[in-house]
Amino acid sequence: MLDTLASPHAYPGRLFVVEGIDGSGKSTQLSLLAKWLAASGYRVFVTEWNSSALVKAATKTGKKKAALTPMTFSLLHATDFADRQLYNIIPPLKAGMIVLADRYAYTAFARDVARGVDRQWVRDLYSFAVRPDMAVYFRVPIDVSVDRLLARRVKLKFYEAGLDMGWSSNPTESFRIFQGRVLDEYDRIVDEYELQVLDARGSITEQQRAFRALVSANLEQTQG
Amino acid sequence: MTSHETTDRGAHGGVTPGHYYGHGLPYLPLADYPGRIIAIEGTDGVGRSTQIRLLREWLEVRGYGVIETGWTRSPLMQPTIDLAKSSNTLNKLTFVLLYACDFADRLEKEIIPALRAGFIVLADRYIYTAIARAGVRGVDSQWIRRLYGFAIAPHLVFYLKIDPEALARRVLESSGISYWEAGMDMKAGGDIYDSFRTYQRQLLREYAAMADEFGFRVLDGRKSIKSIQDELRRQIGEFLEEDHLIAPTRATP
């Protein structure tokens, strides 16, 4: 089977990915990185998980009616990813740009499996994904992420909190259970796909410094 | 790749009917449900829907509970698929994945509950249509078989086989050739008739390749509606006769 996720890509551009649970601060880190890269003269393109127009209608209907099963949830996100890979990831890579992805296939490996989808099946599903030049995982304990989310928003979202699984009707409690499982899956993924781990408990500036160091090192390598 | 790995069956034949082809849904383990899946496969215009309507009538008269399921009919996905088709923005992978999502929705919400409740599920097309279409469009054949590992192997699969010329005449007599049936998205050439023939010929090759793999019962789709229906009833009747899990309500004499 064609497994592009297993071998380095040959595009002139670079693909950097951030991963982490909600409240890990990865999006903040990614946007700071984007600013820095652009200011350094790189052409940067940012793409976000679950953002293609194609599946928006179905995802919205499904989420509103809480009609998504773990499997349709997984397949809709894969459809979104396939669409974005074709339009938003491969073309900028071919043009020699730096593509920054806020979440990637690893998010599916963590979340979908936490919801009960088969671990190998979801890996086979995403085998068509371009292998990132580097994926950075912002690791954070549940308590920290809950505190950050609660400080920022009033209500945890239905699927984000894993309320579809019926483990607890209390959103915060459900979030803890669900994201706890997601963290366990991420731990597995870190070894399996060689993700770079950054401690997301540190200050924003501290993390950004470490993040930039990793990216700089990668950019200095000539592509093999 | 991972430590949990079960036996990797992919989605090849040799799977017991009523079981998942490959990596199924771990959160929905299957038991020996009393229901049965009968799939009717075949290209557009071959007369599947007519045959299914007649079969349903016949089965219900004999006392079997019947539900029908067909491609792109899930409430979740239908609007998106229709929109994507009309705006022509589908590429080969999103095309395949939208169909898989539609199938998953119907599998979990229609097919499995019906099997549990002892219905006969008449499937107007099954995963084989998706595999054939993907194959023609150059999607990796192993990848798509693994993708559909979550599908349940039907108890019977009938394939209505027809040659592209006979099919073209039939389709022209009824609704006319459509953009998608002609595979025009593949941009093989401007002429819709030629494109239709080329596309349908490629589809036939894909179906033929699957016949052994998935145990198709092949029927001659050029025959009359009645003679196809008679053959379907004969084979289904025989199958149900030997099946002890599912029994019709017998009319009192």
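Computed from a predicted model, the values in this text were never measured in an experiment. (Residues numbered from 1 in each chain as written. Chains lettered and ligands numbered in written order. Predicted model: local features only at pLDDT ≥ 70, side-chain atom pairs only at ≥ 80, totals over all residues.)

This next bit is on the overall build of chain B. In terms of helices and strands, chain B carries 8 helices and 5 strands. Element order for chain B, N to C, with α for helix and β for strand: β-α-β-α-α-β-α-α-β-α-α-β-α. Expressed as a percentage of the 253 residues in chain B, the buried residues total 41%. The contacts in chain B between residues at least 6 apart in sequence include a share of 79% that link residues at least 24 apart. (Helix = DSSP H or I, 4+ residues; strand = E, 2+ residues; numbered from the N terminus. Buried ≥ 20, exposed ≤ 12 C-beta atoms within 10 Å, placed from the backbone. Contact = placed C-beta atoms within 7 Å.)

A few words now on the overall build of chain A. Helix and strand counts for chain A come out as 8 helices and 5 strands. Ordered by position from the N terminus, the helices and strands of chain A form the series β-α-β-α-α-β-α-α-β-α-α-β-α. Its C-alpha atoms give chain A a radius of gyration of 17 Å, within 12% of the compact-globule value 17 Å for 224 residues. Once the C-alpha set of chain A is aligned to its principal axes, its extents read approximately 50 × 40 × 30 Å. Scored against the burial criterion, the 224 residues of chain A give a buried share of 45%. For chain A, long-range pairs separated by at least 24 residues make up 80% of all intrachain contacts whose partners lie at least 6 apart in sequence. (Rg over C-alpha atoms; globule rule 2.2 N^0.38 Å.)

Here we take up the packing of helix 1 (residues 26-39) of chain A against helix 8 (residues 204-220) of chain A. Residue and element names in this part refer to chain A. Between helix 1 and helix 8, whose axes approach to 10 Å, the crossing angle comes to 55 degrees. Classified by the angle between their axes, helix 1 and helix 8 sit oblique to one another. For the crossing formed where helix 1 meets helix 8, the hand is right-handed. Residues Thr-28, Gln-29, Leu-32, Leu-33 and Trp-36 of helix 1 lie in contact with helix 8, whose contacting residues are Ile-204, Gln-207, Gln-208, Phe-211, Arg-212 and Val-215. Of the residues contributing to the contact of helix 1 with helix 8, the split by class is 6 nonpolar, 4 polar and 1 charged. (Axes fitted to C-alpha atoms, helices over the stretch in contact; angles between N-to-C directions. Parallel < 35°, antiparallel > 145°, perpendicular 65-115°, else oblique. Left-handed = near helix turned anticlockwise from the far one by under 90°. Nonpolar A, V, L, I, M, F, W, Y, C, P; charged D, E, K, R; others polar.)

Let us look at the interface of chain B and chain A. Each partner contributes residues to the interface: chain B has 32 residues there, and chain A has 30 residues. Those elements that place two or more of their residues in the side of chain B that touches chain A are helix 2 (78-87), helix 3 (92-116) and helix 5 (141-147) of chain B. Among the elements that take part in the side of chain B that touches chain A, helix 3 of chain B stands out by supplying 9 residues, more than any other. Of the residues in the side of chain B that touches chain A, the class split is 18 nonpolar, 9 polar and 5 charged.

All names here are of chain A. A sheet is described by the order of its strands in space; here 5 strands give the open sequence 2-3-1-4-5, paired in parallel fashion. The outermost strands of the open sheet, each flanked by one partner alone, are strand 2 (44-48) and strand 5 (196-199). The average undirected angle you get between the axes of adjacent strands in this sheet is 20 degrees. Inspection of the sheet shows strand 4 (residues 134-139) paired to strand 5 by 4 bridges, in the parallel sense. Opposite Tyr-137, over in strand 5, you have Val-197 as the bridge partner. (Pairing = 2+ DSSP bridges.)

A word on the sheet that holds strand 4 (residues 156-161) of chain B. All names here are of chain B. If you trace the 5 strands from one edge of the open sheet to the other, you get 2-3-1-4-5, paired in parallel fashion. Each edge of the open sheet is held by one strand with a lone partner, namely strand 2 (66-70) and strand 5 (217-220). Between one strand axis and the next, the sheet turns through 20 degrees on average, direction left out of account. Alignment of strand 1 (residues 36-41) against strand 3 (residues 120-124), held across 5 bridges, turns out to be parallel. Paired with Ala-39 across the bridge in strand 3 is Ala-123.

All names here are of chain A. Backbone geometry places Arg-103, a non-glycine residue, at a positive phi of 80 degrees. Here Arg-103 lies in the loop between strand 3 (98-102) and helix 4 (105-114). With phi around 55 degrees, Glu-194 is a residue other than glycine that occupies positive phi space. Inspection of the secondary structure puts Glu-194 in the loop between helix 7 (171-192) and strand 5.

Time to look at the nonpolar core. The tendency in soluble globular proteins is for nonpolar side chains to be buried as a group. Ranked by internal contacts, the top residues of the largest apolar core, which has 132 residues, are Tyr106(A), Val96(B), Leu97(B), Ala100(B), Val121(B), Ile131(B) and Tyr148(B). Here this core takes 14 residues from helix 3 of chain B, the largest share from any one element. Those residues in contact with Ile131(B) that sit more than four places away from it in its chain are Ile144(B), Arg145(B), Tyr148(B) and Met210(B). (Core = buried A, V, L, I, M, F, W, Y, C linked by C-beta atoms within 7 Å.)

Turning our eyes to something else, we now look at the packing of helix 6 (residues 164-173) of chain B against helix 7 (residues 192-213) of chain B. Residues and elements named next belong to chain B. At their nearest, the axes of helix 6 and helix 7 sit 9 Å apart, and the two run at 130 degrees to each other. For the element pair helix 6 / helix 7, the angle class is oblique. The way helix 6 lies across helix 7 gives a crossing that is right-handed. On the side of helix 6, the interface is formed by Pro-164, Leu-167 and Ala-168, while helix 7 contributes Tyr-193, Phe-196, Arg-197, Gln-200, Arg-201 and Leu-204. Across the contact of helix 6 with helix 7, the residue classes tally to 6 nonpolar, 1 polar and 2 charged.

Now for the confidence of the model for chain B. All names here are of chain B. Scored by pLDDT, chain B has a mean of 85; 87% of the residues are at 70 or more. Segment residues 1-12 is flagged for pLDDT under 50; beyond a separation of four residues in sequence, or across chains, it makes 20 contacts in the model. Across the interfaces of the predicted complex, the ipTM metric reaches 0.90, alongside a pTM of 0.89. (pLDDT = per-residue confidence, 0-100.)

Quick look at helix 3 (residues 70-94) of chain A now. Residues and elements named next belong to chain A. Relative to the 36 Å expected for 25 residues at 1.5 Å per residue, helix 3 spans 34 Å between its end C-alpha atoms, a close match to the ideal helical length. Along helix 3, the sharpest change in direction is near 50 degrees and occurs at Gln-85. Of all 25 residues making up helix 3, 19 are buried, and the element is well covered by its neighbours. Looking one or two residues past helix 3, Gly-96 carries a phi angle of roughly 80 degrees, positive in sign. (Expected span 1.5 Å × (residues − 1). Bend = angle between axes of the 7 residues up to and from the residue.)

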